[in-house]
Structures are given as C-alpha cells and as structure tokens.
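Analysis of the macromolecular model
This is what each chain is made of:
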Amino acid sequence: MSKSILSLTSLQNDTVKAMAALLEKKHRDRTGQFLIEGVHLVQEALLAGADVQTIVFDAERGIPAELKKLLQNADCTLIEATTGIMAKCTGTDSPPPVFGVVAKSRYEEAAALFKAQSLVVVLDGVRDPGNVGTIIRSADAVGADAVVLGRGSVDLYNPKTVRSTMGSLFHLPIIEADLAELLPEAKKQGIRLVGTSLQASATCYGYDWSGPTWLLLGNESNGLSSYSLEMVDENVIIPMHGQSESLNVAMAGTVLLYEALRQRKYA
Ligand SMILES: C[S@@+](CC[C@H](N)C(=O)[O-])C[C@H]1O[C@@H](n2cnc3c(N)ncnc32)[C@H](O)[C@@H]1O
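Residues numbered from 1 in each chain as written. Predicted model: local features only at pLDDT ≥ 70, side-chain atom pairs only at ≥ 80, totals over all residues. Heavy atoms only, no water.

1. Let's talk about the domain arrangement of the protein chain
Many structure descriptions define interface size as the accessible area lost when the parts assemble. Spelled out, the test is: These domain boundaries are the output of an automatic or database domain assignment. Should any heavy atoms of two residues lie within 4.5 Å, those residues are considered in contact. When two parts are brought into contact, each loses some accessible area as probed by a 1.4 Å sphere; the total of that loss over both is the buried area. For this document, the term salt bridge refers to a Lys or Arg side-chain nitrogen within 4 Å of an Asp or Glu carboxyl oxygen. Whenever two N or O atoms come within 3.5 Å, that pair is a polar contact, provided that in protein one can donate a hydrogen and the other can accept it, and provided that, for residues adjacent in sequence, both atoms are side-chain atoms. Amino acids outside the nonpolar list (Ala, Val, Leu, Ile, Met, Phe, Trp, Tyr, Cys, Pro) and the charged list (Asp, Glu, Lys, Arg) are all regarded as polar, and Gly is one of them.
Each assigned domain of the protein chain is listed here: domain 1 (6-103) and domain 2 (109-266). Between the C-alpha centres of domain 1 and domain 2 there is a distance of 33 Å. With eleven residues of domain 1 at the interface, the matching set in domain 2 holds eight residues. Both faces combined, the contact of domain 1 with domain 2 buries some 810 Å², and carbon together with sulfur accounts for 75% of it. Considering only the side of domain 1, the residues that lose the most area to domain 2 are F34, L41 and E44, jointly responsible for 54% of the buried surface there. Remark: the boundary between domain 1 and domain 2 carries one salt bridge. Linking domain 1 to domain 2 there are two residue pairs in polar contact (both at pLDDT 80 or more). Among the residues forming the side of domain 1 that touches domain 2, the class breakdown is eight nonpolar, one polar and two charged.

Dropping the structure here:
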C-alpha cells in the first residue's frame, strides 16, 4: 500500500500531541467532527463517501484487511498508533483495531422529505441513543427517504447512536429540525402525518400506507408531544394482546415501517 502512514507512538512529541488533541472528544465537538469506531463503521463511511478526515489503526494489529483497498483511494490522514494511544483516544480499555474521525455533515436541502411517495420517520423527543440508532437502521433497511430528529431527541453524533446505526447514518438523510416549523410545511405539501398512540382506535394493519407518509414516533416515557398529536392526520396502534403496556419505540418503529413496506411492495 503506497499511502504514507504517520506514526503515533508517544504522547510526548508536539506533533503527536496535536494529533491526540484532534482526537479528544472536547476538540472533536468544537471542530464539528465525530468518531466512528471499528472496521464496519469505517468501511461504511468510506464506501458512502463520507468526509473521513483521519483514520487511526492499531500498529500492532496492522491495517484491517477489509480496509486496505478502500484506503488506497481515500483522501484522509492515515495514522498508526499503539494500543495504549488507541485506548486513550476511544476512552476504552479494549479499543477497536481502527477508528476514524469524520466531519459532521448537515443535509441542507430538504428535498428527500417531500418526494412524491416519501416515507419519512419523525422522532419526537426520542432520547435513548440505542433507540435512535436502531430506528435509523430500520429506516435504512426499508428504504425510507429520511429520518427527522425533532428537537429534544438525542444527538445523532452521540457515540452510542453512531454505533447502533451500524453505518446506516451514512446511507440516508438525517435531518435535525424544529417540528413546529416542519410539520405544517409537510401538511401544506399534502403529506399524511401518521401518529402513534396507545389510545388509537386504528391499527397499523388497517391503515393505508401507500401515499406520501411521515411516521411520528414519540418519547420513551411520554409518547408524542401534544403539539404532534394535534398535527397528525391519524393515529395508529400496533395491536398488543398480552399484558405489555407498550412496545419499545425502536421495535414499534420497525414493525410500522415493515407494514408500510409490505403494503407498498408486497401486498
Ligand atoms: C414506550 S412508548 C411511550 C409510552 C407512553 N407512556 C405513551 O402513552 O405513549 C414510546 C413510543 O413507542 C411507540 N409505540 C410503543 N408501543 C406502540 C404500539 N403498540 N403501537 C404504536 N406505537 C407504539 C410510540 O411511538 C410511542 O410514542
């Protein structure tokens, strides 16, 4: 492999210190970067053409085989580091063999939201990083057009969110928005807003998911906000026949997205 590799073996040298600072969480947050850990996420980021700026791999383990070819054409700084430095940078005792520093990208254009047959997931204050990551992964799996993170939802770049997307965050637009601005615009454009409520009388199986649809999922404790409930055209429920009071929001989102996909492609 012809790409030049910087060596990060000690934290004493000035250059090395500067590099280590780049990798520190506080610095990353200030500079609009985030960390992706592990072979799979780095691979997904490179394949998707994300703005990967630095890739650091464990000098003792070498460049993971899956990344060698991809890295030949990648426009990023390649660094080898000791396991100790890898551990310091990722804040764990058993660091992954590779991690990358990626520039945060914001989708400026909202075109994906308003496509003719759009299927969009809107998260209204979903707080758990694992839930948000899982919903993004399911939205990607069904080929949804975008995910909207309403204010009050967890940060997309929270390391746990990034990890649980399993790379799907690089596959579809994820738009942070104020729902008070976005939902009225969707209604104006003829998009149907489907809410989820444990009090709904309509089941998700009786609902017609064929038109342009935004699916609204609510907070883990309180469900949808009263504003969202006012704005939706209809609420649906996934029927529950046992004694569970509700489903986990990521599970519910996945079931609902798959019902939409079933009706659109397999009915
Ligand atoms: C744990 S639930 C919130 C429970 C809350 N106590 C309530 O009354 O809405 C979090 C979110 O998951 C989704 N959800 C959970 N169970 C559901 C079901 N059976 N049908 C439809 N959506 C569901 C909804 O989006 C809900 O806002």
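2. Let's talk about the environment of T213
The condition is simple: Each helix is a run of DSSP H or I of at least 4 residues and each strand a run of E of at least 2, with the numbering of both proceeding from the N terminus. Only protein chains enter the area calculation, which uses a 1.4 Å probe; residues under 20% of their type maximum are buried, those over 50% are exposed, and those in between are partly exposed.
With respect to the helices and strands, T213 occurs in strand 11 (residues 213-218). T213 gets classed as buried once you look at its relative accessible area, which sits at 0%. Sequence separation of T213 and P173 is 40 residues, and the distance between their C-alpha atoms is 16 Å. Filtering out sequence-adjacent residues up to four positions away, T213 remains in contact with S118, L119, V120, I191, R192, V194 and R264.

3. Topic: the confidence of the model for the protein chain
Threshold: Within a predicted model, pLDDT stands for the predictor's per-residue confidence, ranging from 0 to 100.
On average, residues of the protein chain score 90 in pLDDT, and 88% of them are at 70 or above. Across the interface, the model reports ipTM at 0.99; the global pTM reads 0.91.

4. Observations regarding unusual backbone geometry
Positive phi values are uncommon outside glycine, yet M166 reaches one of about 55°. Mapped onto the secondary structure, M166 falls in the loop between helix 7 (159-165) and strand 8 (174-177).

5. A look at the site of the ligand
Short version of the rule: The cutoff for a nearby residue is simple: one of its non-hydrogen atoms must lie within 4 Å of the molecule or strand. In these tables, accessible area is a Shrake-Rupley quantity obtained with a 1.4 Å probe, and a residue counts as shielded only by the protein chains included in the view.
Neighbouring the ligand are 17 residues; T196, G218, S221, I238 and L247 lie closest to it. Between an oxygen atom of the ligand and a main-chain N or O atom of G218, the distance comes to 3.0 Å. Here a nitrogen atom of the ligand sits 2.9 Å away from a polar atom, N or O, in the main chain of I238. Against a free-state accessible area of 560 Å², the protein chains account for coverage of 87% of the ligand. Counting residues per element, the ones that place at least two in the shell around the ligand are strand 11, strand 12 (234-237) and helix 10 (249-266).

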